[in-house]
Amino acid sequence: MELKDEIGQFAVRIKKMLPQVQSEDLTRNALVMPFIQILGFDPSEVQSEAVLDFGVKKSKKVDYTIMKDGEPTILVECKHHNDNLDIHDSRLSKYFRKTKAKYGLLTNGLVYRFYTEKMVRSKKNQEPLFEFKITDTKAATIAKMIEDHKDYFNVDHKTNVVAKR
């Protein structure tokens, strides 16, 4: 199945299940993790709630960390699907200081904002590399964005899905 078809089917499922998704945990498990899998990442590559140490009695958990060769590659911060992501943008910059990850994803399961580590660390520009709302954006447009940023996802052109890490 092509990426655009998988995304389209997933968007339809999201609309049906949204009334039952009442917590951030459910958002993470019912909306975000399936999307990560659609991108081609195996659940074994995804570490849930990795703890980052910020000093004495201060630690934070990253919702998901996508690993490659034992190192964090993509940090995923999830919020409840009703949350406005604008107030959470700064959180990723804190996480990048404690990891070697190069990419970040901030999402509420409906809106997906993709960042590079350099964008997040820059005080000038914290705009996402690209952003879409999965239930409002055409699946073909989302697939095209992902293909256009294949270096971010390591997309394999032959299958139109993200290559396994």
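Structure shown above.
Thresholds applied
- Residues numbered from 1 in each chain as written.
- Predicted model: local features only at pLDDT ≥ 70, side-chain atom pairs only at ≥ 80, totals over all residues.
- Heavy atoms only, no water.
- Helix = DSSP H or I, 4+ residues; strand = E, 2+ residues; numbered from the N terminus.
- Buried < 20%, exposed > 50% of the residue type's maximum accessible area, 1.4 Å probe, protein only.
- Polar contact = N/O pair within 3.5 Å; in protein donor to acceptor, adjacent residues only side chain to side chain.
- Contact = heavy atoms within 4.5 Å.
- Core = buried A, V, L, I, M, F, W, Y, C linked by side-chain atoms within 4.5 Å.
- Expected span 1.5 Å × (residues − 1).
- Arc of directions from axis to C-beta.
- Salt bridge = Lys/Arg side-chain N within 4 Å of Asp/Glu carboxyl O.
- Bend = angle between axes of the 7 residues up to and from the residue.
- Pairing = 2+ DSSP bridges.

A.B. asks: Got a minute to help me understand the side chain of H81 in this structure?
C.D. replies: Tracing the backbone through its elements, the reader meets H81 in the loop between β3 (71-78) and α3 (89-96). We classify H81 as buried; its relative accessible area is 11%. For H81, the side chain forms a polar contact with the main-chain oxygen of V21, separated by 2.8 Å. Filtering out sequence-adjacent residues up to four positions away, H81 remains in contact with L18, V21, T27, L31, N108 and L110.

A.B. asks: When you look at the nonpolar core in this model, what are you seeing that I'm missing?
C.D. replies: In summary, soluble globular proteins display a tendency toward joint burial of nonpolar side chains. Counting 32 residues, the largest nonpolar core has I7, F35, I36, V76, F132 and I134 as its most contacted members. The set of elements that each furnish at least two residues to this core consists of α1 (3-17), α2 (24-38), β2 (59-68), β3, β5 (111-116), β6 (130-133) and α5 (139-148). F132 has contacts with F35, L110, V111, Y112, F114, T137, I142 and M145, leaving out every residue within four places of it along the chain. With 10 residues, the next largest nonpolar core counts L92, F96, A101 and L106 among its residues.

A.B. asks: Please explain the side chain of H80 as it appears in this structure.
C.D. replies: Relative to the elements of secondary structure, H80 occurs in the loop between β3 and α3. Here H80 falls in the buried class, since its relative accessible area comes to 13%. Here H80 is in contact with V21, Q22, S23, E24, T27 and N108, once residues within four sequence places are set aside.

A.B. asks: Honestly, α1 in this entry has me stumped. Any pointers?
C.D. replies: Structural remark: α-helix, 3.6 residues per turn; residues separated by three or four positions point the same way. The end-to-end C-alpha distance of α1 is 21 Å, a good match for the 21 Å that 15 residues give at a rise of 1.5 Å each. Those residues of α1 that sit buried are L3, I7, F10, A11 and I14. Down the axis of α1, the buried side of the element spans an arc of 105°, and every buried residue falls inside it. Opposite the buried face of α1, at more than 90 degrees from it, the exposed residues are K15 and K16.

A.B. asks: Could you clarify how one ought to interpret the pattern of salt bridges in this entry?
C.D. replies: Under the criterion given, the structure shown has nine salt bridges. Between R113 and E131 there is a salt bridge, and its shortest N-O distance comes to 3.4 Å. Here the residue R113 occupies a position in strand β5, and E131 occupies one in strand β6, the gap between them amounting to 18 residues.

A.B. asks: What is the right way to read the environment of T99 from this model?
C.D. replies: With respect to the element layout, T99 can be found in the loop between α3 and β4 (103-107). Between the C-alpha atom of T99 and that of T73, which follows or precedes it by 26 residues, the distance is 8.9 Å.

A.B. asks: Help me understand the environment of G109, please; the structure alone is not making it clear to me.
C.D. replies: Along the chain, G109 falls in the loop between β4 and β5. When its relative accessible area of 0% is taken as the criterion, G109 is described as buried. Separated by 30 residues in the primary sequence, G109 and K79 have C-alpha atoms spaced 7.5 Å apart.

A.B. asks: Could you clarify how one ought to interpret α2 in this entry?
C.D. replies: The end-to-end C-alpha separation of α2 is 20 Å, in line with the 21 Å expected for 15 residues at 1.5 Å each. Along α2, the helix axis deviates most sharply at V32, where the bend reaches about 30°; the proline P34 sits within four residues downstream. Inspection of α2 places T27, R28, L31, V32, M33, P34, F35, I36 and I38 among the buried residues, and these make up the whole buried set. G40 sits one or two positions beyond α2 and adopts a positive phi of about 105°.

A.B. asks: Would you take a moment to explain the pairing of β5 for this structure?
C.D. replies: Side-chain positions along a regular strand alternate between the two faces of the sheet. Taken across its six residues, β5 has six buried, putting it largely inside the fold. Residues V111, R113 and Y115 line one face of β5 and the alternating positions Y112, F114 and T116 line the opposite face, and both faces are buried. Both β4 and β5 contribute to a ladder of five bridges, which runs antiparallel. By the bridge assignment for β5, Y103 is matched with T116.

Read these as geometric descriptors, not functional statements.
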